[in-house]
Amino acid sequence: MSFSEVLSVENKTQDQKFTIFCVGAIIQREINGVLCILLQERYKGEDSPESGLIEVPCGKVKVCSSAYDVIRQKVYKETGLTITRIFGEERAYQRLMNGYRVLEYFPFCSAQNLEGNYSISMDFFICEAKGEHLDHTSESLNIRWVPIHTIREMLMNRQEKFYPMVIGALQKFCDAN
């Protein structure tokens, strides 16, 4: 391939749009003997059609950031909780080779948005956290612990109230518990 052909390929790549990589936290806590998950409502501004949809804490992964670090940062920023455990993190492995540092990890499940406002791919992790959650932040409203039997009912009867990216992860979690 000639130098001009290489430049042509690079320029085409710069014009392309790519999927945004995100992580989400399914934070579980037993409250009075009942297993609950922390849910919140998205807030992306008054005019956003996504504002008000139910979700779990989640966020975009910045270049060269660890998925685990982002989960900890986003959960604290969006809820005020401190992550104490990310299930599967103990099996994660960092490989240093040929100038690369690769984090190999195993999420609970993954989802990819193929159409909609923007293209994202999200890895979900089951987590535990300590502390008391905030009522709201600049990115989330109505932060609360919800029993999984209530979440099952909500997913069956009011699925449209959820941010579509989280539905499969919540269903899988509820099915496993």
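Because the structure is predicted, anything quoted here is derived from the model rather than measured. (Residues numbered from 1 in each chain as written. Predicted model: local features only at pLDDT ≥ 70, side-chain atom pairs only at ≥ 80, totals over all residues. Heavy atoms only, no water.)

Points about the confidence of the model for the chain
On average, residues of the chain carry a pLDDT of 89, and 92% of them reach 70 or more. Highest mean pLDDT in the chain belongs to strand E5 (residues 82-86) (98); lowest belongs to helix H1 (residues 3-15) (51). When the criterion is pLDDT under 50, residues 1-10 qualifies, and its contacts beyond four places in sequence or with other chains add up to two contacts. (pLDDT = per-residue confidence, 0-100. Helix = DSSP H or I, 4+ residues; strand = E, 2+ residues; numbered from the N terminus. Contact = heavy atoms within 4.5 Å.)

Looking at helix H2 (residues 67-79)
With 13 residues, H2 extends 18 Å from end C-alpha to end C-alpha; this agrees with the ideal 18 Å at 1.5 Å per step. By the burial criterion, the buried members of H2 are Ala67, Tyr68, Val70, Ile71, Lys74, Val75, Glu78 and Thr79. Taken down its axis, H2 places every buried residue within 155 degrees of arc, on the same side. In H2, those exposed residues whose orientation departs by more than 90 degrees from the buried face are Gln73 and Tyr76. Residue Gly80 follows H2 closely and has a positive phi angle near 85 degrees. (Expected span 1.5 Å × (residues − 1). Buried < 20%, exposed > 50% of the residue type's maximum accessible area, 1.4 Å probe, protein only. Arc of directions from axis to C-beta.)

Describing helix H3 (residues 148-157)
All buried positions along H3 are accounted for by Ile148, Ile151, Met154 and Leu155. The arc enclosing the buried residues of H3, seen along the axis, measures out at 110 degrees, which places them on a common side. Opposite the buried face of H3, by more than 90 degrees, sit the exposed residues His149, Met156 and Asn157.

Re unusual backbone geometry
Of note, the phi angle at Asn32 is positive, near 50 degrees, even though the residue is not glycine. Mapped onto the secondary structure, Asn32 falls in the loop between strand E1 (20-31) and strand E2 (34-42). We note that Cys64 has phi near 60 degrees; this positive angle belongs to a residue other than glycine. Position of Cys64 relative to the elements: it lies in the loop between strand E4 (58-60) and H2.

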